[in-house]
Amino acid sequence: MNVILIGPPGAGKGTQAKFIVENFNIPQVSTGDMLRENVKNNTSLGMEAKKFMDSGELVPDTIILNMMKDRIRKKDCKKGFILDGFPRTTNQADGLTILLNQLNMTIDHVLVLSVHDDIIVERMGGRRVHSASGRVYHIKYNPPKENGLDDVTNDKLIIRNDDKENTVRKRLEIYKNETKPIINYYNNHGIVHNINGESSIDIIKDNIYNLLS
């Protein structure tokens, strides 16, 4: 079973991906992890990618897709895989379709976690971080004992730039512009499932489990 997980930043994709990995015993394939692994191991693809990364350019789709080809042919992907963060564009979706055709594979399900913008802003804007340890709090869902202070050290908590409202709304715009065409692309294949990402974590988990079982 090969799955693509799509959703805006802060929609809970990471949490749900972990559940899918545990419940269905298929690995999560992340382009970031693939890039880091190839660069670290000095593979020919890693060295090629590093040239672009070092000059601040995007790594071309052809390199990413070749890394993907190597990754999904590994033993742990025999039962399937879950893609998170790829494809990001319709060109990448096309490239992925061609690659999977070559390997006699298909994407079986595209799961789209839908969450209203204002809820995403509340979720991400409420995060507070202890920069030294990486401990994360939330003013509503997981508040520190003392307002604005870390529970362990009493240091002041910060709001990361990524979590500030203006940044979050910009990221949401980029997500919509980039991702909507991908959802339409897979809609034509009849494999898109829209999931209410505003439900509780357990309800979302159960909905996904029922869809994939």
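Keep in mind that what you see is a predicted model, and the values were worked out from it rather than measured.

Here is what the cut-offs are and how they apply
- Residue positions are counted from 1 within each chain, in the order its sequence is given.
- Totals for whole chains, interfaces and linings use every residue, but because this is a predicted model, local features are given only for residues with pLDDT of at least 70 and side-chain atom pairs only at 80 or more, for both listing and counting.
- In computing side-chain properties, one takes all heavy atoms of the structure into account and sets aside hydrogens as well as water.
- To define a nonpolar core, start from buried Ala, Val, Leu, Ile, Met, Phe, Trp, Tyr and Cys residues and group those joined through side-chain atoms within 4.5 Å.
- Remark: exposure states derive from per-residue accessible area (1.4 Å probe, protein chains only) relative to the maximum for the residue type, with buried under 20%, exposed over 50%, and partly exposed in between.
- Helix and strand labels come from DSSP, where a helix needs a run of H or I of at least four residues and a strand needs a run of E of at least two; each type is numbered from the N terminus.
- The contact criterion used throughout is that any non-hydrogen atoms of two residues lie within 4.5 Å.
- The pairing criterion for strands is at least two bridges between them, as found by DSSP.
- Throughout this description, a polar contact denotes any pair of N or O atoms lying within 3.5 Å of each other; where both atoms belong to protein, one of them has to be capable of donating a hydrogen while the other can accept it, and for residues adjacent in sequence the pair is counted only when both atoms sit in side chains.
- Side-chain rings of Phe, Tyr and Trp (the six-membered ring for Trp) are treated as a pair once their centres are within 6.5 Å; stacked means planes under 30 degrees apart, edge-to-face means over 60, and tilted covers the remaining angles.
- Geometrically, a charge over a ring is one whose NZ (Lys) or CZ (Arg) sits within 6 Å of the ring centre while staying within 35 degrees of the ring normal.

K.L.:
So what exactly am I meant to see when it comes to the nonpolar core here?
P.N.:
Among soluble globular proteins, nonpolar side chains are generally buried collectively. In terms of nonpolar packing, the biggest core is built from 32 residues, with Met68, Leu96, Val110 and Tyr186 touching the most fellow members. Those elements that place two or more of their residues in this core are strand S1 (2-6), helix H2 (31-40), helix H3 (44-54), helix H4 (61-72), strand S3 (81-84), helix H5 (90-102), strand S4 (109-114) and helix H7 (165-187). It is H4 that contributes the most residues to this core, six residues altogether. Discounting chain neighbours no more than four positions away, the residues touching valine 110 are Ile4, Ile6, Tyr186, Ile191, Val192 and His193. Among the nonpolar cores identified, the runner-up in size contains 20 residues, and Ile26, Ile82, Ile204 and Leu212 belong to it.

K.L.:
Would you mind going over the pairing of S3 with me for this structure?
P.N.:
Looking along a regular strand, one sees the side chains alternate between the two faces of the sheet. Burial along S3 is two-sided: the residues Phe81 and Leu83 and Ile82 and Asp84 are all buried. Note that S1 and S3 share four bridges and pair parallel. Residue pairing across strands places leucine 5 opposite aspartate 84, the latter belonging to S3. One ladder, built from three bridges, connects strand S2 (residues 28-30) with S3; its direction is parallel. Bridge pairing in S3 places glutamine 28 opposite isoleucine 82.

K.L.:
Hey, could you run me through the side chain of asparagine 38 in this one?
P.N.:
Of note, asparagine 38 is situated in helix H2. Within the structure, the side chain of asparagine 38 is placed 2.8 Å from the backbone oxygen of methionine 34, a separation counted as a polar contact. Among residues more than four places away in sequence, those in contact with asparagine 38 are Thr43, Leu45, Gly46 and Met67.

K.L.:
Hey, could you run me through the packing of aromatic side chains in this one?
P.N.:
Evaluated as defined, the whole model comprises two aromatic pairs. For the ring pair tyrosine 185 and tyrosine 186, a centre distance of 4.9 Å and an interplane angle of 80° mean the geometry is edge-to-face. Relative accessible area serves as the criterion here: at 3%, tyrosine 186 is assigned to the buried category. Looking at lysine 205, its charged tip hangs above the ring of phenylalanine 19, at a distance of 4.5 Å from the centre.

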